[in-house]
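Chain by chain, the residues run as shown.
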Amino acid sequence: MIAFEQFHMEDGTPIYLQIVSFVQRGIVAGTITDGDEMPSRRVLSALIGVNPNTIQKAYRQLEDDGIIESRSGAKSYVTITETSIKKIRSGLLSKDTQNLIKSMKQMGSSMEEAINLVAEAWSEEE
């Protein structure tokens, strides 16, 4: 079963989208794999302390995105392929990059400065 102990809510983003992102990032990182069982909606609601309707909205989004499969009255499972993992990864990277660029532009950074900062940060991580 997927563990949500590492899930932490942030201000400014709807909780259901944070849950979706948590699952997506777990898939990309390899900590969530095909066939993993999702916690029940009721259990997850109690675990992270949010309304069950919020959990339902997150699960519905994950179902619509083809990430989980649920049946009425049954458990929900992750259903992913290598192709879907690549698509999720690409989407997350694109979103994160757009957010970074938006922040840098708001602070008056030039493209050259932004590229240099990213290159420096990249080198520091190696």
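The structure presented is a predicted model; accordingly, all values stated were derived computationally and were not measured.

Engineer: Looking at this structure, I do not really get the overall build of the protein. What am I missing?
Structural biologist: A tally of regular secondary structure across the protein gives 5 helices and 2 strands. Listing every helix and strand of the protein by position from the N terminus yields α-α-α-β-β-α-α. Expressed as a percentage of its 126 residues, the buried residues of the protein come to 27%. Look at the contacts in the protein between residues 6 or more apart in sequence, and 57% of them connect residues 24 or more apart. As displayed, the protein has an accessible area near 8,800 Å², and 51% of this comes from carbon and sulfur atoms. Across the protein, the 13 positively charged side chains and the 18 negatively charged ones have centroids separated by 10 Å.

Engineer: Explanation requested: the packing of aromatic side chains in the structure shown.
Structural biologist: Applying the stated criterion across every chain, the model contains 3 aromatic pairs. Ring centres 5.6 Å apart and planes at 90° place the aromatic pair Phe7 and Phe22 in the edge-to-face group. In this pair, Phe7 sits in the segment before helix H1 (15-29) while Phe22 sits in helix H1, placing the two residues 15 residues apart along the sequence. Accessibility expressed as a relative area gives 9% for Phe7, which makes it buried. Taken together through their ring pairs, the aromatic side chains of Phe4, Phe7 and Phe22 make up a single cluster.

Engineer: What is the right way to look at helix H2 (residues 41-48) in this model?
Structural biologist: Helical geometry: 3.6 residues make up each α-helical turn, so side chains three or four residues apart lie on a common side. Taken together, the buried positions of H2 are Leu44, Ser45 and Ile48. Along the axis of H2, the buried positions cluster into a sector of 105°, meaning they face one direction only. Exposed residues on H2 whose side chains face more than 90 degrees from its buried face are Arg42 and Ala46. Looking one or two residues beyond H2, the residue adopting positive phi is Gly49, at roughly 75°.

Engineer: Would you take a moment to explain the packing of H1 against helix H3 (residues 52-64) for this structure?
Structural biologist: Angle between the axes and distance between the axes are the two parameters that describe a pair of packed helices. Packing of H1 against H3 brings their axes to within 8 Å, and their N-to-C directions diverge by 45°. Looking at the two axes, H1 sits oblique to H3. Where H1 crosses over H3, the two elements pack in a sense that is right-handed. For the pair formed by H1 and H3, the contact residues are Ile15, Tyr16, Ile19, Val20 and Val23 on the first element and Thr54, Ile55, Lys57, Ala58, Gln61 and Leu62 on the second.

Engineer: How do you make sense of H3 when you look at a structure like this?
Structural biologist: When the terminal C-alpha atoms of H3 are compared, their 18 Å separation across 13 residues agrees well with the 18 Å that a helix rising 1.5 Å per residue should span. Inspection of H3 places Ile55, Ala58, Tyr59 and Leu62 among the buried residues, and these make up the whole buried set. All buried residues of H3 lie within an arc of 95° about the axis, which places them on one face of the element. Within H3, the exposed residues directed more than 90 degrees away from the buried face are Asn53 and Asp64. For H3, the capping residue at the N-terminal end is Asn51, with a side-chain oxygen 2.7 Å from the backbone nitrogen of Asn53.

Engineer: Explain the pattern of salt bridges to me, please; I cannot follow it from the model alone.
Structural biologist: Side-chain pairs of opposite charge can arise whenever the charged atoms involved come near each other. Taken as a whole, this structure holds 3 salt bridges when the rule is applied. Between Arg41 and Glu63 there is a salt bridge whose closest N-O contact spans 3.1 Å. Here Glu63 lies in helix H3 and Arg41 lies in helix H2, a separation of 22 residues in the sequence.

Engineer: Which parts of the structure should I look at to understand the environment of Val23?
Structural biologist: Turning to its location among the elements, Val23 is positioned in helix H1. Taking the C-alpha atoms as reference points, Val23 and Ile67, separated by 44 residues in sequence, lie 8.8 Å from one another. If we skip the residues at most four places from it in the chain, Val23 touches Phe4, Ile32, Met38, Leu62 and Ile67.

Cut-offs used in this document
Residues numbered from 1 in each chain as written. Predicted model: local features only at pLDDT ≥ 70, side-chain atom pairs only at ≥ 80, totals over all residues. Heavy atoms only, no water. Helix = DSSP H or I, 4+ residues; strand = E, 2+ residues; numbered from the N terminus. Buried < 20%, exposed > 50% of the residue type's maximum accessible area, 1.4 Å probe, protein only. Contact = heavy atoms within 4.5 Å. Areas by Shrake-Rupley, 256 points an atom, 1.4 Å probe, with all protein chains shown as cover. Lys, Arg positive; Asp, Glu negative; His and termini not counted. Charge placed at Lys NZ, Arg CZ, Asp CG, Glu CD. Phe/Tyr/Trp six-rings, centres within 6.5 Å; stacked < 30°, edge-to-face > 60°. Arc of directions from axis to C-beta. Axes fitted to C-alpha atoms, helices over the stretch in contact; angles between N-to-C directions. Parallel < 35°, antiparallel > 145°, perpendicular 65-115°, else oblique. Left-handed = near helix turned anticlockwise from the far one by under 90°. Expected span 1.5 Å × (residues − 1). Polar contact = N/O pair within 3.5 Å; in protein donor to acceptor, adjacent residues only side chain to side chain. Salt bridge = Lys/Arg side-chain N within 4 Å of Asp/Glu carboxyl O.

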